[in-house]
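So you can see what is in the structure, the chains are spelled out below.
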Amino acid sequence: YDLISQYGGFPFFLKPILLLTGASVLSVSTIFAFILATVLLIWAFILSKVVENKALFLVGFLAYVYIHLYSTGYWPYQLTFFYYPIRILFPALMILTAFFYFKNPNNKNFLLTIIILSLGIIWNADVGIICFLAFTFVTAFDKFCNDDLFLIRLKSFIYEILKCFTIPILLLFLVSLYYKLS
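Definitions and cut-offs
Residues numbered from 1 in each chain as written. Predicted model: local features only at pLDDT ≥ 70, side-chain atom pairs only at ≥ 80, totals over all residues. Heavy atoms only, no water. pLDDT = per-residue confidence, 0-100. Helix = DSSP H or I, 4+ residues; strand = E, 2+ residues; numbered from the N terminus. Salt bridge = Lys/Arg side-chain N within 4 Å of Asp/Glu carboxyl O. Buried < 20%, exposed > 50% of the residue type's maximum accessible area, 1.4 Å probe, protein only.

### Regarding the confidence of the model for the protein chain
Stage number 1. Overall, the predicted model of the protein chain reaches an average pLDDT of 86, with 91% of residues at or above 70.
Stage number 2. The secondary-structure element of the protein chain with the lowest mean pLDDT is helix H7 (residues 150-181), recorded at 85, while helix H4 (residues 89-103) shows the highest, at 94.

### Overview of the pattern of salt bridges
Stage number 1. In total, this model carries two salt bridges according to the counting rule given.
Stage number 2. Residues Asp126 and Arg87 are paired through a salt bridge, measuring 3.1 Å at the closest nitrogen-oxygen approach. Residue Asp126 is located in helix H6 (residues 125-144), and its partner Arg87 is located in the loop between helix H3 (54-71) and H4; the two are separated by 39 residues in the primary sequence.
Stage number 3. What makes Arg87 partly exposed here is its relative accessible area of 22%.
Stage number 4. As a salt-bridge pair, Glu160 and Lys163 come within 3.5 Å of each other at their nearest N and O atoms. Taken together, the positions of Glu160 and Lys163, both in helix H7 and three residues apart, correspond to about one turn of that helix.
Stage number 5. Overall, the relative accessible area of 2% leaves Glu160 in the buried class.

Dropping the structure here:
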């Protein structure tokens, strides 16, 4: 499998599955359909937790599906794998993990979110970096707003950013080392 020339790093995540199922149009389409269904389930879960009115939840979810899949492109001609589900997986995972983190902000939820979003940088850099930076700056701004003195707030802000960037730097180092050794 020639994985180096592909768009994004998602083939590295799919390679073990494709080795089991075989690389065919059916297996790749099935994998991407499963990922798209997972994304839709994540959005449905988040909406069900945030919106109390069940009728509004249903309308909101159907509107999301309509706008995302039908309204913004030439359907079905633009339902291609470069966007669905490759570029929508990690925004959904970011919202899901951030929901759990801000509901219960502890180190376990923080590390889990940072690890997942760091994998998103490898999965697809253009979306992964944005999701990672969004979570990083939201958590850093949250720490910035907690203290009274400006210097303490600034120190907390910088510390939070450095804490967030440690894991993706280590992860990218390990991936680069893997490439160099293989």
